[in-house]
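Here is how the chains run, residue by residue.
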Amino acid sequence: MGTSSSRSERYQSHTGIFPKLLKALISYLKSVTHAKIVINNPRDSFLSDLPPRVLAKGKVLRELDISHNLFAQLPAKIATLRGLEELRINHNSLTSLESDQGEDPLGALTGLKYLSVKNNQLEQLPESFSVNLTSLTSLRLCNNKYVVFTFKCC
């Protein structure tokens, strides 16, 4: 009988902990300060501009994957996502990393560490690329047209 009594006590102590853990988890999830959004389903995305749900994340969005879409140019609105650290824009039709208005939206993303623009139609990188993206540690450019690098120093 000592066994069933100790089992019952253990069950009660575990069930008493569960609501506390659940409450702590909910509190943690409410305080999350970064977000990751992946939009890369080639069959049904067909994006050529950033959706409002992405723009709504503003400064808290850390990772964005908009691969396998219809981007021919970077959306100028990407500059508002100042918290981005990782950006993947693979398998689109980008010919330039400038916006349709001739701006450099990536220049505003000074915290960007990882940029992947594989399998596009890039021919060159903007002159400001090396000046503004000082946090960049990884750049993926394979399977583009001939890419010209122009770097400004100091």
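Residues numbered from 1 in each chain as written. Predicted model: local features only at pLDDT ≥ 70, side-chain atom pairs only at ≥ 80, totals over all residues. Heavy atoms only, no water.

1. Comments concerning the overall build of the protein chain
Note the following rule: Working definition: helices are DSSP H or I runs of at least four residues, strands are E runs of at least two. Numbering for both runs from the N terminus. Note that accessible areas follow from Shrake-Rupley with a 1.4 Å probe, and for residues the cover is restricted to the protein chains shown.
Summing up its helical and strand segments, the protein chain has three helices and five strands in all. Seen in sequence order, the protein chain has helices and strands lined up from the N terminus as α-β-α-β-β-β-α-β. Total accessible area computed for the protein chain in this model is approximately 9,700 Å², and 53% of it derives from carbon and sulfur atoms.

2. Describing the pattern of salt bridges
Side chains that differ in sign of charge can pair as their charged atoms come close. Heads up, the rule is: The working definition used for a salt bridge is a side-chain nitrogen of Lys or Arg within 4 Å of a carboxyl oxygen of Asp or Glu. A simple rule labels every residue: compare its accessible area, found with a 1.4 Å probe on the protein chains alone, to the largest value its type can have, and call it buried under 20%, exposed over 50%, or partly exposed in between.
All chains considered together, the criterion is met by three salt bridges. When the shortest N-O distance is used, the salt bridge between D49 and K77 registers 3.5 Å. Here K77 lies in the loop between β2 (61-65) and β3 (86-88) and D49 lies in the loop between β1 (35-38) and α2 (52-55), a separation of 28 residues in the sequence. Exposure remark for K77: the relative accessible area of 40% places this residue in the partly exposed category.

3. Description of the nonpolar core
Heads up, the condition is: Nonpolar cores were defined as sets of buried Ala, Val, Leu, Ile, Met, Phe, Trp, Tyr and Cys residues, with membership established by side-chain atoms within 4.5 Å. Only heavy atoms matter for contacts: two residues are in contact if any of them lie within 4.5 Å across the pair.
L64, L84, L87, L97 and L106 are the most contacted members of the largest nonpolar core, which totals 25 residues. Once residues lying within four places of it in the same chain are set aside, the contact partners of L84 are L61, R62, E63, L64, I78, L109, G111 and L112.

4. Structural notes on the environment of S138
The criterion, for reference: Nitrogen and oxygen atoms within 3.5 Å of one another constitute a polar contact, given that in protein one can donate a hydrogen and the other can accept it, and given that sequence-neighbouring residues count only through two side-chain atoms.
Along the polypeptide, S138 turns up in strand β5 (residues 138-140). Residue S138 is classed as buried on the basis of its relative accessible area of 16%. In this structure the C-alpha to C-alpha distance between S138 and S116, which are 22 residues apart in sequence, comes to 8.0 Å. S138 has contacts with K113, Y114 and L115, leaving out every residue within four places of it along the chain. In terms of polar contacts, S138 uses its side chain to reach the side chain of R140, at 3.4 Å.

5. Considerations on unusual backbone geometry
Here H91, not a glycine, exhibits a phi torsion of approximately 55°, which is positive. You can see H91 is positioned in the loop between β3 and β4 (114-116). The class for H91 is partly exposed, based on a relative accessible area of 37%.

6. Some details on the side chain of N92
Within the secondary structure, N92 sits in the loop between β3 and β4. Polar contacts involving the side chain of N92 include one to the main-chain carbonyl oxygen of I66, which spans 3.1 Å. Of note is the side chain of N92, whose polar atom sits 3.1 Å from the backbone nitrogen of F71. Non-local contacts of N92, meaning those with residues more than four positions away in its chain, are made with I66, S67, H68, N69, L70, F71, N119 and N120.

7. Digging into the confidence of the model for the protein chain
Test applied: pLDDT measures how confident the predictor is about each residue, on a scale from 0 to 100.
On average, the protein chain scores 76 in pLDDT, and the residues at 70 or more come to 65%. Mean pLDDT in the protein chain bottoms out at helix α1 (residues 2-30), which sits at 56, and peaks at β4, which reaches 95.

8. Notes on the environment of T110
Note that T110 resides in the loop between β3 and β4. Along the primary structure T110 and A79 are separated by 31 residues, whereas in three dimensions their C-alpha atoms are 9.9 Å apart. Apart from residues lying up to four places away in sequence, T110 is in contact with N132 and S135.

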